[in-house]
Amino acid sequence: MARGLVIKSTGSWYTVLTESKKQLNCKIKGKLRIGGIRTTNPIAVGDKVEYEYQENEKIGVINKIHQRKNYIIRRSINLSKQAHIIAANVDNAFLIITIAFPETSTQFIDRFLVSAEAYRIPVILIFNKEDLYNGEQIIYLKKLKDIYENIGYNCLTISAINEKNTEIIRDLCSGKINVFAGNSGVGKSTLINVLDPDLKLKTNEISEYHLKGKHTTTFSEMLEIKSGGYIIDTPGIKGFGFVDIYKEELYHFFPEIFKISKKCKYNNCSHIHEPSCAVIEAVKSGQISESRYDNYYYIFMDEDSRYRPSLKATK
Ligand code: GDP
Ligand code: ZN
C-alpha cells in the first residue's frame, strides 16, 4: 500500500502525486464509498489516498481515502440530493477584496466568510490595489480592515501590481493547499502571476478548457506553486457558492454574533426581532459592526439563500 495526494480529477481518472513526487494515473476501486454524503465524485483534489500499484497496467487503484479536515461542496440545484465535492483539505482561502475599481460589497465578503466558517476553512482577507486609492478610500479601507481584524480574521493590504506585500502571501502559501477567491477584476490573476508566472498560463488554460463546456462539472486541478504549495483552480471555487446551512444556525457562522448570542434572553433567539437580544444591544453600543449585522439580517431574510430545510421540519 502506498500513499499519495490527489492533484487532478476528471471524474473517472485521478492524478495522484506519490510520496516520491511522481504523478501516477489512478482509478478508484469498485465500491469505494465515503460515509454519509452522496456525491457525484467520491474523491476530490486535495484528498489524501492510499492506492495499490498495478504493475501490468502501470496505474494505481485507489482503495482508501484519509479523513478530510474540511471540504468544499456544491449541492446540485435540482432535488436529486446529490452533491459535488469541489476540493478537500484546504488550508487557506485568500479572499481578494478591492475598495474600488471594482468595489467589493461587504455582503459579498460576509457571505463568503459564512461559507468558509461553515466549511471550517481559514480565510485571509487580502485588500488589493492599495496603490489606486485616495485619502478617503484609504480611511474606508482601514475601517473595514479593523472590523474584520477585531472579529479575528487575518487581513493584509497589498498591491499586486507593485508587488507590495506579495512575498507574505507567497510564504503563507508555501507547503499548503490554497484557494484564491473574489469578484472578477479584483486582481486574482495578477496576484497569481506574481506568485509564479507559470501558474497564470496554466490557470488560463483551464479556463479556456472549460469554456468548451463538457467537463465543467467534474474536472478539477491543483497547480503547484514554484516556491512551494498548491493552488486549486476549479470551476465554482472562486466565490464558493452559497450558504448551505440551516437558517436557524446562520448566526453560528458570524463568530462575533455567535459569541454574544449566549447572553440573549431566549436561547432560540434569531437576533432579528426578539426582546432582550444581546446581539441587537451590541450593535447599538457599537460592539458589533452595523454592516456585519445588516448582512446577517439580509442573508437571514433573503429568499434566495439556499438554506437547508428547517431543523424543526426535519426532526
Ligand atoms: P481577476 O479578474 O480577479 O483575475 O483580475 P485581474 O488580475 O485580471 O485584474 C483586473 C485588472 O486590475 C487588471 O487590469 C490588472 O492589471 C488590475 N490590477 C490588478 N492588481 C492591481 C493592483 O494592485 N493595482 C492596480 N492599480 N491594478 C491592479
Ligand atoms: Zn439575540
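None of the values given here were measured: they were computed from a predicted structure.

So, how was this worked out
- By convention here, each chain's residues receive numbers from 1 onward along its written sequence.
- The lettering of chains begins at A and the numbering of ligands begins at 1, in the order of writing.
- Totals for whole chains, interfaces and linings use every residue, but because this is a predicted model, local features are given only for residues with pLDDT of at least 70 and side-chain atom pairs only at 80 or more, for both listing and counting.
- Where side-chain values are given, they derive from all heavy atoms of the structure, hydrogens and water being excluded.
- Metal donors: N, O and S atoms at distances within 2.8 Å, or within 3.2 Å for Na, K and Ca, with water omitted from the atom set so that some sites may seem incomplete.
- Exposure is judged per residue with a 1.4 Å probe applied to protein chains only, and the accessible area is read against the type maximum: over 50% gives exposed, under 20% gives buried, and values in between give partly exposed.
- As used here, the term nonpolar core means buried Ala, Val, Leu, Ile, Met, Phe, Trp, Tyr and Cys residues forming a set that is joined through side-chain atoms within 4.5 Å.
- In DSSP terms, a helix is any run of H or I states spanning at least four residues, a strand is any run of E spanning at least two, and both are numbered starting from the N terminus.
- For salt bridges, the criterion is a side-chain nitrogen of Lys or Arg within 4 Å of an Asp or Glu carboxyl oxygen.
- Any two strands between which DSSP finds at least two bridges are classified as paired.
- Whenever a helix is involved, its axis is fitted only over the stretch in contact; in every case the axis is a line through C-alpha atoms, and angles between N-to-C directions fall within 0 to 180 degrees.
- Oblique is the label for any angle not covered by the other classes, which are roughly parallel (under 35 degrees), roughly antiparallel (over 145) and roughly perpendicular (65 to 115).
- Note on contacts: a residue pair qualifies if any of its non-hydrogen atoms lie within 4.5 Å across the two residues.
- Three residue categories are used. Nonpolar comprises Ala, Val, Leu, Ile, Met, Phe, Trp, Tyr, Cys and Pro, charged comprises Asp, Glu, Lys and Arg, and polar comprises the others, including Gly.
- Here, proximity means that at least one heavy atom of the residue falls within 4 Å of the molecule or strand.
- Polar contact is the term for a pair of N or O atoms within 3.5 Å; when the atoms are in protein, one must be able to donate a hydrogen and the other to accept it, and sequence-neighboring residues count only if both atoms are side-chain atoms.
- The Shrake-Rupley method, run with a 1.4 Å probe sphere, supplies the accessible areas, and residue values consider only the shown protein chains as cover.

**Q** How would you explain the coordination of the zinc ion (ligand 2) if you had to name every residue and give the values?
**A** Donor atoms from the polypeptide that bind the zinc ion (ligand 2) are Cys 264 (SG), Cys 269 (SG), His 271 (ND1) and Cys 277 (SG), placed at 2.1 to 2.4 Å. Along the chain, the residues that donate to the zinc ion (ligand 2) are spaced as C-x4-C-x1-H-x5-C. Among the residues examined, Cys 277 registers a relative accessible area of 2% and is labelled buried.

**Q** An account of the nonpolar core is needed here, citing residue identities and associated values.
**A** One finds Ile 109, Val 123, Leu 125, Phe 127, Tyr 148, Met 222 and Ile 232 to be the most contacted residues of the largest nonpolar core, which totals 39 residues. Ranked by residues supplied to this core, first place goes to helix H1 (residues 106-119) with 5 residues. One finds Tyr 251, Cys 269, Tyr 293 and Tyr 296 within the second-largest nonpolar core, a separate group that totals 22 residues.

**Q** Describe unusual backbone geometry, and please don't skip the residues or the numbers.
**A** Cis rather than trans, the peptide bond between Phe 101 and Pro 102 has omega equal to -5°. In this model, Lys 21 sits at a positive phi of 65°, which is unusual for a non-glycine residue. Locating Lys 21 in the fold gives a position in the loop between strand E2 (14-18) and strand E3 (23-28).

**Q** Describe the pattern of salt bridges, listing the residues and the values that go with them.
**A** Across all of its chains, the model carries 10 salt bridges by this definition. The salt bridge involving Asp 91 is made with Lys 69; its shortest N-O contact spans 2.6 Å. Separated by 22 residues along the polypeptide, Asp 91 in the loop between strand E7 (83-88) and strand E8 (92-97) and Lys 69 in the loop between strand E5 (59-65) and strand E6 (71-75) bring together distant segments of the chain. Taking the relative accessible area as the measure of exposure, Lys 69 reaches 45% and is therefore partly exposed. Measuring nitrogen to oxygen at the nearest pair gives 3.7 Å for the salt bridge that ties Lys 226 to Asp 196. With a gap of 30 residues between them, Lys 226 in the loop between strand E12 (220-224) and strand E13 (230-233) and Asp 196 in the loop between helix H4 (188-195) and helix H5 (197-211) connect regions that are remote in the sequence. Salt bridges linked by common partners bring Asp 110, Glu 256 and Arg 292 together as one network.

**Q** Tell me about the pairing of E2, and please be specific about residues and values.
**A** Summarising burial for E2: 5 of the 5 residues are buried, a large majority. Side chains Tyr 14, Val 16 and Thr 18 of E2 all project onto a buried face; the interleaved residues Thr 15 and Leu 17 project onto the opposite face, where all are buried too. Where strand E1 (residues 2-9) meets E2, 5 bridges bridge the pair, whose relative direction is antiparallel. Bridging across to E2, Ser 9 finds its partner in Tyr 14.

**Q** Give a detailed account of the packing of H1 against helix H8 (residues 290-301), specifying residues and quantitative values.
**A** Two numbers describe how H1 lies on H8: the axes approach to 10 Å, and their chain directions differ by 70°. As far as their axial angle goes, H8 and H1 are roughly perpendicular. Only Ser 291, Arg 292, Asn 295, Tyr 298 and Ile 299 of H8 make contact with H1, whose side of the interface consists of Thr 106, Gln 107, Asp 110, Arg 111 and Leu 113. Across the contact of H1 with H8, the residue classes break down as 3 nonpolar, 4 polar and 3 charged.

**Q** Requested: an account of the site of ligand 1, with residues and values cited.
**A** Taken together, 15 residues sit near ligand 1, with Asp 131, Gly 185, Lys 188, Ser 189 and Thr 190 positioned nearest. Lys 188 has a polar backbone atom sitting 2.8 Å from an oxygen atom of ligand 1. Here Ser 189 contributes a side-chain N or O atom positioned 2.5 Å from an oxygen atom of ligand 1. Starting from 580 Å² of accessible surface for ligand 1 in isolation, the protein chains cover 70%. For the shell around ligand 1, a count of residues per class yields 4 nonpolar, 8 polar and 3 charged.

**Q** I'd like a description of the environment of His 252, backed by residues and values.
**A** The residue His 252 is located in the loop between E13 and helix H6 (255-261) in this model. Accessibility expressed as a relative area gives 31% for His 252, which makes it partly exposed. A sequence separation of 134 residues divides His 252 from Ala 118, and the C-alpha atoms of the two residues are 8.6 Å apart.

Remember that the coordinates give geometry; whether it matters functionally is a separate question.
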